[in-house]
Amino acid sequence: MIAPLLALAPATITWSPKVALVMIVCNVIAIAIGKATIQHQNVGLKLPSPGLFGGFSHGAMLGTLSLGHILGMGAILGMASRGVV
């Protein structure tokens, strides 16, 4: 009874440079979105090198990179289901 349910599980995606490139691109897109939309980018805990991180505070950087990983996960899963990645 349980065996047919296990057969429905999707195959996992193995890491490859294509997968990493998709995640990096999605994070860069999320940083660009955050740069354009976050009103108070430098309020709160500062990062060690603000120039390297575009002037973002710790919270703004965590928020944008969290969004980037969500976008990346969706993009990778979608591309994998189509056979692109």
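What you see is a predicted model; the values in this text were computed from it and never measured. (Residues numbered from 1 in each chain as written. Predicted model: local features only at pLDDT ≥ 70, side-chain atom pairs only at ≥ 80, totals over all residues. Heavy atoms only, no water.)

Structural notes on the overall build of the protein chain
And then number 1: Along the backbone of the protein chain there are 3 helices and 0 strands.
And then number 2: Across the protein chain, every contact between residues at least 6 apart in sequence was considered, and the portion connecting residues at least 24 apart equals 55%. (Helix = DSSP H or I, 4+ residues; strand = E, 2+ residues; numbered from the N terminus. Contact = heavy atoms within 4.5 Å.)

Some details on the packing of aromatic side chains
And then number 1: One pass over the structure, following the stated rule, counts 0 aromatic pairs.
And then number 2: Just above the ring of F56 sits the side chain of K35; from NZ or CZ to the centre is 5.4 Å. (Phe/Tyr/Trp six-rings, centres within 6.5 Å; stacked < 30°, edge-to-face > 60°. Lys NZ or Arg CZ within 6 Å of the ring centre and 35° of its normal.)

Points about the side chain of N27
And then number 1: Among the secondary structure elements, N27 is positioned in helix α2 (residues 17–37).
And then number 2: Among all residues touching N27, those that are not within four sequence positions of it are L65, G68 and H69.

Things to note about the UniProt feature "transmembrane region" (unreviewed entry) in the protein chain
And then number 1: The residues that UniProt annotates with the feature "transmembrane region" (unreviewed entry) are residues 20–38 and 59–80.
And then number 2: The span residues 20–38 is 95% helical and 0% strand by assignment, and the distance between its end C-alpha atoms comes to 26 Å.
And then number 3: Split by type, residues 59–80 is 100% helix and 0% strand. Its first and last C-alpha atoms lie 31 Å apart. (UniProt positions renumbered as here; feature names shortened; annotations may be inferred.)

A closer look at the side chain of S57
And then number 1: Within the fold, S57 resides in the loop between α2 and α3 (58–82).
And then number 2: A relative accessible area of 2% means that S57 is categorised as buried.
And then number 3: In terms of polar contacts, S57 uses its side chain to reach the backbone carbonyl oxygen of V43, at 3.0 Å.
And then number 4: For S57, the contacting residues outside a window of four places in its chain are Q41, N42, V43, G44, L45 and L47. (Buried < 20%, exposed > 50% of the residue type's maximum accessible area, 1.4 Å probe, protein only. Polar contact = N/O pair within 3.5 Å; in protein donor to acceptor, adjacent residues only side chain to side chain.)

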